[in-house]
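Below are the chains, spelled out letter by letter.
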Amino acid sequence: ALGLPPEQVRVIYPAIGGAFGGREDMSVQIVLALAAWKLRRSVKIVWSREESILGHCKRHPVWLHCKWGATREGKLIAAEVRVVADGGAYCYTTNKVLGNATITCTGPYEIPNVKVDVDGVYTNNLPSGAFRGFGAPQGMFAAEMQMNKLAVALGMDPVELRLKNLLREGSLTAVGTPLPGGVGLVEVTEQCARAAGWKQTDQGWEKPTTTDPWGFGKPQGSLCSGLGLAVAFKNTGFSFGYQENCWAKIELRGEKKITQAVVYIGSAEVGQGSHTAICQMAAEPLNLPLERVRLVASDTGTSPGDSGSVSASRMTFMAGNAVRGAAAAALERWRAGERPAVAEYTYLAPKTTPFDPETGHGVPNFAYGYVAQAVEVEVDTETGELRVLRVVCADDVGKAVNPRLVEGQIEGGVVQAVGWATCENFITAEGRVLTPNLSTYLIPTISDVPERVESIIVERPDPRGPWGVRGMGEMPFIPLAPALVAAVHDATGVWFDEFPLTPERVL
């Protein structure tokens, strides 16, 4: 934008908290750079909350019309889905977000006959863009709603129905190609279901009854409780033909033994602990204690190679492969006598492809993560208020580099998804935002956090991931809304095809 060569631009990225897609598109960056360049002095901009809500892109509002068919025995045979998304005034990332919606709107299931039509529409609303899940929450909501409705229509347990149809090793997806190796959908579904109380009997899977005297779906006064389940998958890394890559450099210092390893990488830290995981993954192949690893990150002056953004649940997978390659090369030079021993490595992920324009087939992603979630909810039929009592979330992360950080991601994703599904009601009319502050756009508070969040870490290695690692940052968010709606149906007998489930809407 400034007409400058890259070496005259330096970016130093401070650790300033969560992003969730909000920094994937430009907002003030070029304006600030232009002002600093022209004024020859430091400049900054501070937005008010209202300006931030008005100025940043939003999650795509999506309308889906679905028609699915199954045999009486519960085997899926066909799915037809029409998707229309409000892209707002500019394209931004709409085409890529809707690419993910295309993949996910038929769910993690093997369906032999699929027809999906997807449109992003220019409107006078705020631009829509990247947000945690990147099209998968909208697509999976429709798919899992269809599965829960099919289970009721067939008189079949929702876990039993899913296990008849989940993608497995070698199963063809809706885009005509199999998932990469290490498909953990069955494992996360079974482990989540068991933890939530389902039992596997000779007649198949059976849903639990609560320990409460009135049980699920049986009211006590104005209160009803219900239990619902949903399953999802999410890609790791950039998609649709982009050559994914990540650069890292390692410098080994010392004389007779390595006293310190310095890791250089462009990776940002957006609150999830990726820098901790990167240090751990550097320490492992170097056989060093963690305190001997120093990270120099998020600065184009020290890390000129491209590491890519911390988005698409990609950083642990991509940085791990880059760091492992740099560590191996640096060790080789150390053993050859170089002091300090320095090596760079750029990891290139397996190639992906765009959708074929005629058939829709392709290899859109090189890796995926898998998640299942069960939600227990209490509904007050006099006020329409919901109380999320318990969430069980099973995530196949391939290998948990840092289990505590994985649990933090699960708990944070669950709470964020509770907000999306129950109270975050963003309203526009004729291009104007009617909810421009936190008194009208409500986000979860501590009182909205589920009473219990049970994190189950499943480790089925990804053959391409470092030490089997998969990305998992977005997964816990994706299945909560359909699982919650299924739980509300279990409690009240009412399906909700639209959310957030505000008290007014539920009542």
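Only a predicted model underlies this, so the values are computations on that prediction, with no experimental measurement involved. (Residues numbered from 1 in each chain as written. Predicted model: local features only at pLDDT ≥ 70, side-chain atom pairs only at ≥ 80, totals over all residues. Heavy atoms only, no water.)

It is worth spelling out helix α5 (residues 158-165) at this point. Counting buried positions along α5 gives six out of eight residues, so the element sits mostly inside the fold. Along α5, the residues that are buried comprise P158, V159, L161, R162, L163 and N165. Sitting at the head of α5, D157 places a side-chain oxygen 2.8 Å from the backbone nitrogen of V159. (Buried < 20%, exposed > 50% of the residue type's maximum accessible area, 1.4 Å probe, protein only. Helix = DSSP H or I, 4+ residues; strand = E, 2+ residues; numbered from the N terminus. Polar contact = N/O pair within 3.5 Å; in protein donor to acceptor, adjacent residues only side chain to side chain.)

Per the stated rule, a full pass over the model turns up 18 salt bridges. K115 is paired through a salt bridge with D117; the nearest N and O atoms lie 2.9 Å apart. Residue class for D117 comes out partly exposed when judged on its relative accessible area of 36%. Note that E187 and R460 form a salt bridge whose closest N and O atoms lie 2.6 Å from each other. Of this pair, E187 sits in helix α6 (residues 185-196) while R460 sits in the loop between β15 (452-458) and α10 (480-492); the two residues are 273 residues apart in sequence, bridging distant segments of the chain. Judged by relative accessible area, E187 falls into the partly exposed class, the value being 25%. Here R460 falls in the partly exposed class, since its relative accessible area comes to 26%. Here the salt bridges do not stand alone but share partners, grouping E169, E187 and R460 into one network. (Salt bridge = Lys/Arg side-chain N within 4 Å of Asp/Glu carboxyl O.)

So, on to the environment of M281. For M281, the location among the structural elements is in helix α7 (residues 274-286). Residues M281 and T316 lie 35 residues apart in sequence; the distance between their C-alpha atoms is 8.9 Å. The residues touching M281, leaving out its near neighbours within four places in the chain, are T316, A319, G320, V323, V401 and W467. (Contact = heavy atoms within 4.5 Å.)

Bringing unusual backbone geometry into the picture now. Of the consecutive residues R339 and P340, the connecting peptide bond is found in the cis state with omega at -5°. The topology assignment puts P340 in the loop between α8 (315-335) and β10 (341-348). Here the residue pair F499 and P500 is connected by a cis peptide bond, since its omega of 25° sits within 30 degrees of zero. Phi at S298 takes a positive value of approximately 65°, unusual for a residue other than glycine.

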